[in-house]
Amino acid sequence: MHSNDRAWVATRKVLFELRRQGTNWNLHNSSFLGEPVTMLLPPDDRGRMLAALNLGHFGVKLHASPDAGATWQEVASPTAEDQNIQDAHRIQRCAAQPDVLWCQHHGGIWRSTDKAANWHEVKAQPSSFGFALAVHPEDGNTAWFVPAVKDEKRVPVDGAMVVNRTRDGGQTFDTLRRGLPQHNAFDLVYRHGLDVAADGQTLIMGSTTGNLWASGDGGDSWQTVSSHLSPIATVRLG
């Protein structure tokens, strides 16, 4: 079946799978009845999916499917020290290396190299707290993050807007700031506010203050596209 003929809808009560038949879309399957599905990775080329269920007091549980959502099995979840903040804000895979996953968690940054069987935490400066994440489509060692101070202070550290990039799997990070405001910045980038194109060099980023930036060199430098938009929730490069 062509990928354009299937769709998934994650809700607070269930995960729906829809299939197209002619000009109509019909409900085909449902999973996690009664559970809040807060994040979903669509099938890769081998049909592997990942879903996050935010179970409140019990934290976030990850489930993997090897067969495009027909069956699911619980897998390891990134786990912060503070048991009250177990929220996986954003999980992304490397398209060319789908075993490699990155997670921007409420409690930090995690990486898996074995399809979410195991996760290890990585530390970034000036902060590991944030919401947005983008992963290089060809290189699973390269990913971008947008740090904020902490949960109780969701603004850039020291009022300086930066993007963190690792190119060695989280062993080191480059803090990229050229072209971004370095004084009195109050921008927060939401979970879907950062994206990278198929070339691995073009990025776009939008913030809650209506600023929109683009980069053509992997984040080394940024250009302001607009600073007069309403708060930006999602950006996408086609």
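These notes cover the structure that comes with them. Please read these numbers as outputs of a predicted model, since none were measured by experiment.

## So, the sheet that holds strand β19 (residues 223-226)
Consideration 1: Across the sheet, which stays open at both edges, the 4 strands sit in the order β16-β17-β18-β19 with antiparallel pairing between neighbours. Bordering the open sheet on either side are β16 (194-196) and β19, each of which pairs with just one other strand. The sheet shows a mean angle of 20 degrees between the axes of neighbouring strands, taken without regard to direction.
Consideration 2: Both strand β17 (residues 203-206) and strand β18 (residues 212-215) contribute to a ladder of 4 bridges, which runs antiparallel. By the bridge assignment, I204 is partnered in β18 with A214.

## Some words on the pattern of salt bridges
Consideration 1: Throughout the structure, instances matching the rule amount to 11 salt bridges.
Consideration 2: Taking the shortest distance from any N to any O, the salt bridge between R20 and D5 comes out at 3.0 Å. A residue pair is termed long-range when its members are at least 10 positions apart, and R20 in strand β2 (residues 15-21) and D5 in the segment before β1 (6-10) qualify at 15 residues.
Consideration 3: On the basis of relative accessibility, which here comes to 23%, the residue D5 falls in the partly exposed class.
Consideration 4: The salt bridge partner of R48 is D99, with a shortest N-O separation of 2.9 Å. Linking R48 in the loop between β4 (37-41) and β5 (49-54) with D99 in the loop between β8 (88-93) and β9 (101-105), this pair joins segments that are 51 residues apart in sequence.
Consideration 5: Residue classification places R48 among the buried positions, given a relative accessible area of 15%.

What counts and what doesn't
- Residues numbered from 1 in each chain as written.
- Predicted model: local features only at pLDDT ≥ 70, side-chain atom pairs only at ≥ 80, totals over all residues.
- Heavy atoms only, no water.
- Pairing = 2+ DSSP bridges.
- Helix = DSSP H or I, 4+ residues; strand = E, 2+ residues; numbered from the N terminus.
- Axes fitted to C-alpha atoms, helices over the stretch in contact; angles between N-to-C directions.
- Salt bridge = Lys/Arg side-chain N within 4 Å of Asp/Glu carboxyl O.
- Buried < 20%, exposed > 50% of the residue type's maximum accessible area, 1.4 Å probe, protein only.

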